[in-house]
Amino acid sequence: MVLDSLRATLHRAITTPAGDALAPIRVPKDLLRRINATLGQPLCSKEDLEKRRAAKAKLARLRAEGGRTEMHREQAPVMIYFEKDRNARMLARIEELLNGESLVYKKLDVTGDEATKDFVVREAKCEEDDLPVVFVAGTVVGGYNELVDFNVSGKLKALTKGP
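In this text, all values refer to a predicted model and were calculated from it rather than measured experimentally.

Here is what the cut-offs are and how they apply
- Residues numbered from 1 in each chain as written.
- Predicted model: local features only at pLDDT ≥ 70, side-chain atom pairs only at ≥ 80, totals over all residues.
- Heavy atoms only, no water.
- Helix = DSSP H or I, 4+ residues; strand = E, 2+ residues; numbered from the N terminus.
- Rg over C-alpha atoms; globule rule 2.2 N^0.38 Å.
- Buried < 20%, exposed > 50% of the residue type's maximum accessible area, 1.4 Å probe, protein only.
- Contact = heavy atoms within 4.5 Å.
- Pairing = 2+ DSSP bridges.
- Axes fitted to C-alpha atoms, helices over the stretch in contact; angles between N-to-C directions.

With that settled, the discussion passes to the overall build of the protein. Scanning the protein from terminus to terminus reveals seven helices and four strands. Mapped in sequence order, the helices and strands of the protein form the string α-α-α-β-α-β-α-β-β-α-α. In terms of overall size, the protein is more extended than a compact globule, its C-alpha atoms giving a radius of gyration of 31 Å where 163 residues would be expected to give roughly 15 Å. Dimensions along the principal axes, computed over C-alpha positions, put the protein at roughly 85 × 40 × 20 Å. Sorting the 163 residues of the protein into buried and exposed places 25% on the buried side.

This next bit is on the environment of Ile-80. By the secondary structure assignment, Ile-80 is in strand 1 (residues 78–82). Along the sequence, Ile-80 and Leu-43 sit 37 residues apart, while their C-alpha atoms lie 59 Å from each other. When neighbours within four sequence positions are excluded, Ile-80 is seen to be in contact with Leu-91, Ile-94, Glu-95, Leu-98, Tyr-105, Lys-106, Lys-107, Leu-108, Pro-132, Val-133 and Val-134.

What follows is about the sheet that holds strand 1. Read from one edge to the other, the open sheet built from four strands follows the order 2-1-3-4, with strand pairing classed as mixed. Looking at the sheet topology across the chains shown, the edges are occupied by strand 2 (106–109) and strand 4 (139–142). When the angles between neighbouring strand axes are averaged without regard to direction, this sheet yields 30°. Where strand 1 meets strand 2, four bridges bridge the pair, whose relative direction is parallel. By the bridge assignment for strand 2, Ile-80 is matched with Lys-107. In this fold helix 4 (residues 88–100) packs onto strand 1, strand 2 and strand 3 (133–136), with an angle of close to 170° to the strand it touches most, strand 1. Of the strands in this sheet, strand 1, strand 3 and strand 4 are in contact with helix 5 (residues 114–124), which crosses strand 3 at around 80°.

The structure is reproduced here in structure tokens:
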């Protein structure tokens, strides 16, 4: 196309360093480069023109297909903090509930890890005797009873799957 050749030639003329040593040539070229940039680069190389046309064709194809793509959202992380020999029945009930909801979870034993145990007790505003405690995406859910409440109210699904 003649117009494409003209655009590419003008782009090459304003971007090459030839003549930049002379102010009467450099100043208009600089002005034209700035105008070209302001207008969204209408003067560009043949390679850029081909890329733009390919992108425009792809956009048209995607719009014709409906423009919808399936997005798969990952589940938010679910963490169960527990102590090895404390409240094993509650831990089993929590695991049963999470398995029933097909949620992936990670169990973290805080036995002997005072720093993590202090963090969990402080964030959950509970006593050490209240472990196990469930966190979803960094949000404290609490023990088994609170987890059941979250599940029944739909908050658990909202926290793990998102809106």
